[in-house]
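Given next are the chains, with one letter for each unit.
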Amino acid sequence: MQSSGHRQRDTEQHQPLLSADDDPEAGAGPLCPPADQDSLWFIQDGCGIVCGVVTWLLVLYADFVVNLVMLLPNKSLWYSVINGALFNFLVVMALASHLRAMLSDPGAVPKGNATKEYMDSLQLKPGEVIYKCPKCCSIKPQRAHHCSICKRCIRKMDHHCPWVNNCVGEKNQRFFVLFTMYIALISVYALCLSFLQFYSCVNDQWNECTDFSPPVAVMLMIFLCLEAFLFLTFTVVMFGTQIQSICNDETEIERLKNEKPTWERRVRWEGMKAVFGGPPSILWFNPFTGLRLRRLLMTRTTRHSGVEFSV
């Protein structure tokens, strides 16, 4: 019989660990803690929290420059109202998508479910093999991978994104795709408005086209253009790779590891329907879909995964 350490290394190399005839609690290291209860997801990772705050600050900076530097001083009321409404709508959708991607459970496998009772409930056939993660003490479903930052196994884990301080997985990939899409649209919109503002100010007097002094207005808009260009490049690439991943039913981890699919692939529209939920509709673009406002009872836990809020 293999030692506990050997058995754990086998799991990390994706070799079978448990079968229907094995006792998951025998010779498998420390006892598993009780499984987690459903809760609102939040990761206490310093780098991720800083990146998330920086993301919000940059978006709000763009909103500040567009509204106060470009639109409000404009002589055309309709130009200011229409563009202000559209731009702020995109900002709200982008930030809402970011919050949903950050605070949604990405598909975490319950901790500590590698127990004999859970094994019995699976009703495994004789000789059928399952996998156990030695790090979070859970039975790993197919296509699940362990995240060292979230300290959990995540179903269909694509990658861990510090900008949303969360993994991108089975349950929140849709919100991450919407976040990248809306940020890309905001970036294009901000670049167009900046070019129009520069053109208008060059043809007219600078003092008449903005309430800020010319040097301050130029610096604010130049920084906005640089920010928008960098955000546009990043989000377009991420949006494209995510759509390709969904259409091919292959996560980034599976692609990098060159894992051969052992599952029935849902490609193209079937994959899009599975991620966004149902047939194509305008609800695909709504980050508020499925959001239920309930009274949140804050519960501090001692888990390393961070603070969780009971729902």
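Residues numbered from 1 in each chain as written. Predicted model: local features only at pLDDT ≥ 70, side-chain atom pairs only at ≥ 80, totals over all residues. Heavy atoms only, no water.

Enquirer: Please clarify how the packing of aromatic side chains should be interpreted in this entry.
Expert: Scanning the entire structure with this criterion turns up 5 aromatic pairs. Their ring planes at 75 degrees and their centres at 5.8 Å tell us that Phe87 and Tyr189 sit as a pair that is edge-to-face. Linking Phe87 in helix α3 (residues 77–103) with Tyr189 in helix α5 (residues 173–203), this pair joins segments that are 102 residues apart in sequence. Each member of the pair Phe87 and Tyr189 is classed as buried. One aromatic cluster in this structure is built from Trp269, Phe276 and Trp284. (Phe/Tyr/Trp six-rings, centres within 6.5 Å; stacked < 30°, edge-to-face > 60°. Helix = DSSP H or I, 4+ residues; strand = E, 2+ residues; numbered from the N terminus. Buried < 20%, exposed > 50% of the residue type's maximum accessible area, 1.4 Å probe, protein only.)

Enquirer: What should I look at first to understand the nonpolar core in this one?
Expert: A general tendency of soluble globular proteins is for nonpolar side chains to be buried together. Ranked by internal contacts, the top residues of the largest apolar core, which has 47 residues, are Val65, Val66, Met70, Phe87, Tyr182, Leu224 and Phe276. Elements that contribute at least two residues to this core include exactly α2 (46–71), α3, α5, α7 (214–248) and α9 (269–276). Considering every element that reaches this core, the biggest residue donor is α5, with 14 residues. Look past the residues within four positions of Phe276 in its chain and what remains in contact with it is Arg174, Val177, Leu178, Ile246 and Trp284. Of all hydrophobic cores here, the second largest spans 9 residues; its members include Trp41, Cys147, Cys150 and Met157. (Core = buried A, V, L, I, M, F, W, Y, C linked by side-chain atoms within 4.5 Å. Contact = heavy atoms within 4.5 Å.)

Enquirer: In this structure, what is going on with the confidence of the model for the protein? I would like to understand it.
Expert: When pLDDT drops low, the exact placement of atoms in the prediction is not to be read closely. Predicted confidence across the protein gives a mean pLDDT of 80, with 79% of residues reaching 70 or more. In the model, residues 24–31 has pLDDT below 50 throughout and makes 18 contacts with residues more than four positions away in sequence or in other chains. The model gives residues 295–311 a pLDDT under 50, and that stretch makes 33 contacts with residues more than four places away or in other chains. (pLDDT = per-residue confidence, 0-100.)

Enquirer: I keep staring at the pattern of salt bridges and nothing clicks. Help me out?
Expert: Oppositely charged side chains may form a pair once their charged atoms are brought near each other. Within the structure shown, the criterion is met by 5 salt bridges. Arg143 is the partner of Asp249 in a salt bridge, and the nearest nitrogen-oxygen pair spans 3.1 Å. With a gap of 106 residues between them, Asp249 in the loop between α7 and α8 (252–256) and Arg143 in the loop between β4 (138–140) and β5 (144–147) connect regions that are remote in the sequence. Across the pair, Arg143 and Asp249 agree in class, each one buried. One salt-bridge network, held together by shared partners, links Arg143, Lys156, Asp249 and Glu254. (Salt bridge = Lys/Arg side-chain N within 4 Å of Asp/Glu carboxyl O.)

Enquirer: For this particular structure, what's the right way to read the UniProt feature "transmembrane region" (unreviewed entry) in the protein?
Expert: Under the UniProt annotation, the feature "transmembrane region" (unreviewed entry) is placed at residues 47–71, 77–96, 175–196 and 216–239. Structurally, residues 175–196 is divided into 100% helix and 0% strand, and its ends, taken at the C-alpha atoms, are 31 Å apart. Each end of residues 216–239 is marked by a C-alpha atom, and these two atoms are 34 Å apart; helix forms 100% of the span and strand 0%. (UniProt positions renumbered as here; feature names shortened; annotations may be inferred.)

Enquirer: Quick question: what am I supposed to make of the packing of α2 against α7 here?
Expert: For any two helices packed against each other, one specifies the inter-axial angle together with the distance between the axes. Axis separation between α2 and α7 bottoms out at 10 Å; the angle between their running directions is 135 degrees. Comparing the axis directions of α2 and α7 gives the class oblique. The interaxial crossing formed by α2 with α7 has left-handed handedness. On α7, the residues that touch Leu58, Val59, Tyr61, Ala62, Phe64, Val65, Val66, Val69 and Met70 of α2 are Ala217, Leu220, Met221, Phe223, Leu224, Glu227 and Phe231. Partitioned by chemical class, the residues of the contact of α2 with α7 number 15 nonpolar, no polar and 1 charged. (Axes fitted to C-alpha atoms, helices over the stretch in contact; angles between N-to-C directions. Parallel < 35°, antiparallel > 145°, perpendicular 65-115°, else oblique. Left-handed = near helix turned anticlockwise from the far one by under 90°. Nonpolar A, V, L, I, M, F, W, Y, C, P; charged D, E, K, R; others polar.)

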